[in-house]
Amino acid sequence: MAVAVVVFPGSNRDQDMIDAVEHATGQAPHVVWHADSDLPTGTDAVILPGGFSYGDYLRCGAIAARASVMTAVADAANRGMPVLGVCNGFQILIETGLLPGALMRNASLHFVCKTVELKVVHNRSPFLQTWAIGEKWTCPVAHGDGNYVCDDTTLRALQDNDQIALTYADGTNPNGSRDDIAGITNKAGNVLGMMPHPENVSLPHHPSRAGERLFKGLLDEVE
Amino acid sequence: MIQFDARVVIALKPGVLDPQGKASADALGGLGFSGVQSVRQGKVMDIELQAADIHAARSDLEAMCDRLLANTVIEDFEIAMLSERVEA
């Protein structure tokens, strides 16, 4: 299976993601530079890692979303290829318009770096298929702009189309996100954006291995 | 081509929570400005550009706001043309 991890100037969780993917799938991912205009031939899935692309200038993810590689990522996503955006990657997917809503400054105005409990609300994403609906797992978050906002119409559409994938379990919402939303998918389910960092609970020396299931789930889907 | 100076003001749409503006409002209250009812924070961008005429300049600026400068899910923008001069 060939995963492409896209790196932007200012990405800083790219190596964590590369390590997690390689460990879970047994194959090192392609590393794709933001200025590339195509994904490597044979790419099965795309991952946008966390960090502070372009220093969060203008808005988090805004400038990365207009990088030339994102045209290829959007084309692949629209053809049904599994795409995962974590943290800044989620912000980029939102700014690209592949996912609805917006991610704003945390309601507390503080950067949060802690472990939260997540609840799987739907498992249509290839990355979430090994979880049962309602199952909970713990995962770290580390962000200043993870406060998911959307208008009432968008929220209803997310609910009606079963696009809310992950929520912060009762009482652990770290950023003020509407309806405790931690991750959403597009309507088709192949594009997943989430604020928490599964790549940091994936390796033997990590405090847990729950995040590894995302990449194992992807492996099941593709092979 | 004509040289234009434009000012783009980007602000959160009414009703979108602005925690940074609220923090500033609270701090102003702490300084004794008891009359402050709210603060909304936005961005000002001064843009120098060249275009064939003011209509082309305005239309370029609108496209810039739609495609990059503003996130129209949460933000509104206003464009003001400040000055224009014909380049020698």
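Each remark here, short or long, concerns the structure printed above.
In this report, we go over the structure that sits alongside the text.

What counts and how
- Residues numbered from 1 in each chain as written.
- Chains lettered and ligands numbered in written order.
- Predicted model: local features only at pLDDT ≥ 70, side-chain atom pairs only at ≥ 80, totals over all residues.
- Heavy atoms only, no water.
- Salt bridge = Lys/Arg side-chain N within 4 Å of Asp/Glu carboxyl O.
- Helix = DSSP H or I, 4+ residues; strand = E, 2+ residues; numbered from the N terminus.
- Buried < 20%, exposed > 50% of the residue type's maximum accessible area, 1.4 Å probe, protein only.
- Expected span 1.5 Å × (residues − 1).
- Arc of directions from axis to C-beta.
- Contact = heavy atoms within 4.5 Å.
- Buried area = accessible area lost by both parts, 1.4 Å probe.
- Nonpolar A, V, L, I, M, F, W, Y, C, P; charged D, E, K, R; others polar.
- Pairing = 2+ DSSP bridges.
- Axes fitted to C-alpha atoms, helices over the stretch in contact; angles between N-to-C directions.

What follows deals with the pattern of salt bridges. According to the stated counting rule, one finds 13 salt bridges over all chains in the structure shown. Glu95(A) is the salt-bridge partner of Arg66(A), the closest N and O atoms lying 3.0 Å from each other. Pair noted here: Arg66(A) is in the loop between β3 (45-48) and α2 (69-78) and Glu95(A) is in helix α3 (residues 88-96), with a separation of 29 residues, a long-range link. One salt bridge connects Arg7(B) with Asp46(B), and the closest N-O pair in it is separated by 2.7 Å. Of the two residues, Arg7(B) sits in strand β1 (residues 2-12) while Asp46(B) sits in strand β2 (residues 42-51), which places them 39 residues apart along the sequence. By relative accessible area, Arg7(B) is classed as partly exposed at 34%. When salt bridges that share partners are traced, they join Arg59(A), Arg66(A), Glu95(A), Lys43(B) and Glu75(B) into one network.

For the rest of this paragraph, the subject is helix α1 (residues 19-30) of chain B. Residue and element names in this part refer to chain B. Over its 12 residues, α1 runs 16 Å from end to end, which matches the ideal 16 Å to within 8%, given 1.5 Å per residue. Listing the buried residues of α1 in full gives Pro19, Gly21 and Ala25. Along the long axis of α1, the arc covered by the buried residues comes to 155°, so they all point the same way. In the segment just after α1, Gly32 is the residue with positive phi, at about 100°.

Interfaces are often sized by the amount of accessible area the parts lose when they come together. Listed by partner, the interface residues are 13 residues for chain A and 16 residues for chain B. Among the residues of chain A in contact with chain B, Leu58(A), Arg59(A) and Met104(A) are the three that bury the most area, contributing 45% of the side total. The residue inventory of the side of chain A that touches chain B, partitioned by class, reads 7 nonpolar, 2 polar and 4 charged.

Another point: the sheet that holds strand β3 (residues 75-86) of chain B. Paired through their backbone hydrogen bonds, the strands of a sheet run either parallel or antiparallel. Residue and element names in this part refer to chain B. A sheet is described by the order of its strands in space; here 3 strands give the open sequence β2-β1-β3, paired in antiparallel fashion. Taken across any chain shown, the strands that pair with only one partner, and hence form the sheet edges, are β2 and β3. Across the sheet, the mean angle separating the axes of adjacent strands is 20° when strand polarity is ignored. Across 10 bridges, β1 lies against β2 in antiparallel orientation.

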